[in-house]
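One-letter residues, chain by chain:
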Amino acid sequence: MISFKQLPLEAKAAVAAGVVFFSMMLSRSYLAEQLELRMRRWLLRLQMAVFANALMLIGSLHVWRSTVTTFSRSSAASSLFFMPWKIAVLMFLALAHSSFFTLLFLVAEEPYFFSLAAYTCLGAYIILIFFLFTLGSVEQAYKFLAGRGAKAGTGNKNSRTAMKPVLAVMLTVVLTVVGLLNASRPPTVNSVEIPVHKLPSTMNNLKVVLLSDIHLGPTVGKTKLAMIVRMVKALKPDITVIVGDLTDSEAEIIRPAVEPLGELNSPLGTYFVTGNHEYYTSDVSNWFELLKSFNIRPLHNENVKIVSPKSTDDWFCLAGVDDIEADVLRYSGHGMDLKKALRDCSSEHAIVLLAHQPIAAKWALQERPDINLILSGHTHGGQMFPLNAGAYFLNPFFVGLYKVGQNTFVYVSPGTMYFGIPMRLGSRAEITEIILRSP
């Protein structure tokens, strides 16, 4: 029987990740109610950071062997540039691994340079892993198809081996720069007209601005939020809604960065529902109180009547549900409760639901097909290549407008900012201006 010491490093890292994952499930299931809130918050984040780093270690070993060990066996090892290259790769990997820990130690009103550098390296790390794997797979496929006809010389073999990491690094650098530039631009304003069944004629052309996935935290601070608020105010919406993942940190720590939200002044109100990341902070109650102080109303499995400014007899039901992650985390007093959220919302009036995750939108429509419009976020439009494909296949609605049945629409925002990695590839940050049309 093989002992743990005899396992390769990749296998040891996988075992470590499995142990941490088991401890996460154990603490969620049996310790959640026993631990003090602050301790539970730190334990959850520390476990997630260690788990991510254990998984990343497998990829990091591959990166090191591809970009350093490969060249150490060639004439490049005697070059003056080889040692600086080794140091650069080591620093790159160290920064990528440290990114998850910035959530614990480096969150303030504005992002620290170290956090931006660490998350940039994490984004480049993901791209580099993808290209190393893809180019390696292409190489293996070529060898298989070519067969064993003629053996190439040692020099040609070494040259081909060296070209793979060089090409992967070059592609990674180019895409990282493109991704950084794309994410640094202000969000685009996307105007969408959506017909809402049973919307009163007096509320035709009502303007709703949709924000989602701002992720105040290590790489998004007060300056970016202030920019978003200025753009929203310029649109002069009747209603502003924030559909989750506003933050990645505790309310007390990042309170100064949230102050621009107090300038939102939509005449029919500003509303908020939780996303999965609010529950990762383990500080939802404090966030609710902070948002209320800025005249932003959290919809905690509840609804409000949005009354027409032209006629008090005309209204529609705006409801919001807690994010489904609250159920997974067993977050006390929280969890998606559609029945409670839609209490007194009859099919005689239009119903608009705020639900962070598209899968929650799907479940809601299965239970209440009379909902006319659901506004969601969560997917970020994949945020960056090569994560786009995963986000597409893991969500029933990916990004943009979907028609479900005869009288129902679902709109999924690609996110107003980004999570952690300050990059966007194959997606664009968006502020959505929704014009509600009466049939």
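That block above? That's the structure.
Residues numbered from 1 in each chain as written. Predicted model: local features only at pLDDT ≥ 70, side-chain atom pairs only at ≥ 80, totals over all residues. Heavy atoms only, no water.

**Overview of empty space enclosed by the protein**
Inference 1: All chains considered together, the criterion is met by two cavities of 30 Å³ or more.
Inference 2: In this structure, the second largest cavity encloses a volume near 60 Å³.
Inference 3: Considering the residues around the second largest cavity, the lining is formed by Val 208, Ile 239, Val 241, Phe 316, Leu 318, Val 352, Leu 373, Leu 375 and Leu 436.
Inference 4: Counting only elements with at least two residues in the lining of the second largest cavity, the list comes to strand 3 (239–243), strand 7 (315–320) and strand 9 (373–376).
Inference 5: By residue class, the composition of the lining of the second largest cavity is nine nonpolar, no polar and no charged. (1 Å grid on protein atoms, 1.4 Å probe; cavity = no way out; pocket = protein on both sides within 12 Å on 5 of 7 lines; lining within 4 Å. Points joined across faces, edges and corners; volume = space filled by probe spheres on them. Helix = DSSP H or I, 4+ residues; strand = E, 2+ residues; numbered from the N terminus. Nonpolar A, V, L, I, M, F, W, Y, C, P; charged D, E, K, R; others polar.)

**Quick look at the environment of Leu 199**
Inference 1: Within the secondary structure, Leu 199 sits in the loop between strand 1 (188–195) and strand 2 (206–211).
Inference 2: Between the C-alpha atoms of Leu 199 and Ser 438, which are 239 residues apart in sequence, the distance is 5.1 Å.
Inference 3: If we skip the residues at most four places from it in the chain, Leu 199 touches Phe 316, Ala 350, Leu 436, Arg 437, Ser 438 and Pro 439. (Contact = heavy atoms within 4.5 Å.)

**Let's talk about the nonpolar core**
Inference 1: Formed by 39 residues in total, the largest nonpolar core has its most connected members in Ile 214, Leu 216, Ile 228, Leu 246, Val 258, Leu 261 and Ile 431.
Inference 2: Excluding residues within four positions of it along the chain, Ile 431 makes contact with Pro 187, Thr 188, Val 189, Asn 190, Val 209, Leu 210, Leu 211, Ile 228, Met 231, Val 232, Leu 235 and Thr 416.
Inference 3: Membership of the second largest hydrophobic core comes to 28 residues, among which are Leu 268, Tyr 271, Leu 354 and Leu 375. (Core = buried A, V, L, I, M, F, W, Y, C linked by side-chain atoms within 4.5 Å. Buried < 20%, exposed > 50% of the residue type's maximum accessible area, 1.4 Å probe, protein only.)

**Re the pairing of strand 10 (residues 400–404)**
Inference 1: Bridge analysis of strand 10 against strand 11 (residues 408–412) gives five bridges, and the strand direction is antiparallel. Each bridged residue has a counterpart across the sheet, and for Val 404 the counterpart in strand 11 is Thr 408.
Inference 2: The loop that links strand 10 with its antiparallel partner strand 11 comprises three residues; one of these, Gly 405, has a positive phi angle of about 70°. (Pairing = 2+ DSSP bridges.)

**Digging into a nonpolar patch on the surface**
Inference 1: A grouping of Met 83, Ile 87 and Met 91 is seen on the molecular surface, where their side chains present a nonpolar patch of about 310 Å² in accessible area.
Inference 2: Assignment of secondary structure puts Met 91 in helix 3 (residues 82–98).
Inference 3: Of the residues examined, Met 91 reaches a relative accessible area of 52% and is grouped as exposed. (Patch = residues over 30% accessible without salt bridge, like charges linked within 9 Å, V, L, I, M, F, W, Y side chains within 5 Å. Areas by Shrake-Rupley, 256 points an atom, 1.4 Å probe, with all protein chains shown as cover. Salt bridge = Lys/Arg side-chain N within 4 Å of Asp/Glu carboxyl O.)

**Observations concerning the sheet that holds strand 5 (residues 296–298)**
Inference 1: Taken in spatial order, the six strands of this open sheet run 1-12-2-3-4-5, and their pairing is mixed. Of all strands in the sheet, those bounded by a partner on one side alone are strand 1 and strand 5. Recorded for the sheet is a direction-independent mean angle of 25° between the axes of neighbouring strands.
Inference 2: Here strand 2 pairs with strand 3 via four bridges, running parallel. Its bridge partner being in strand 3, Val 209 is matched across the sheet by Thr 240.
Inference 3: Set on the sheet, helix 10 (residues 284–293) makes contact with strand 4 (270–273) and strand 5; between it and strand 5 the angle comes to about 150°. (Axes fitted to C-alpha atoms, helices over the stretch in contact; angles between N-to-C directions.)

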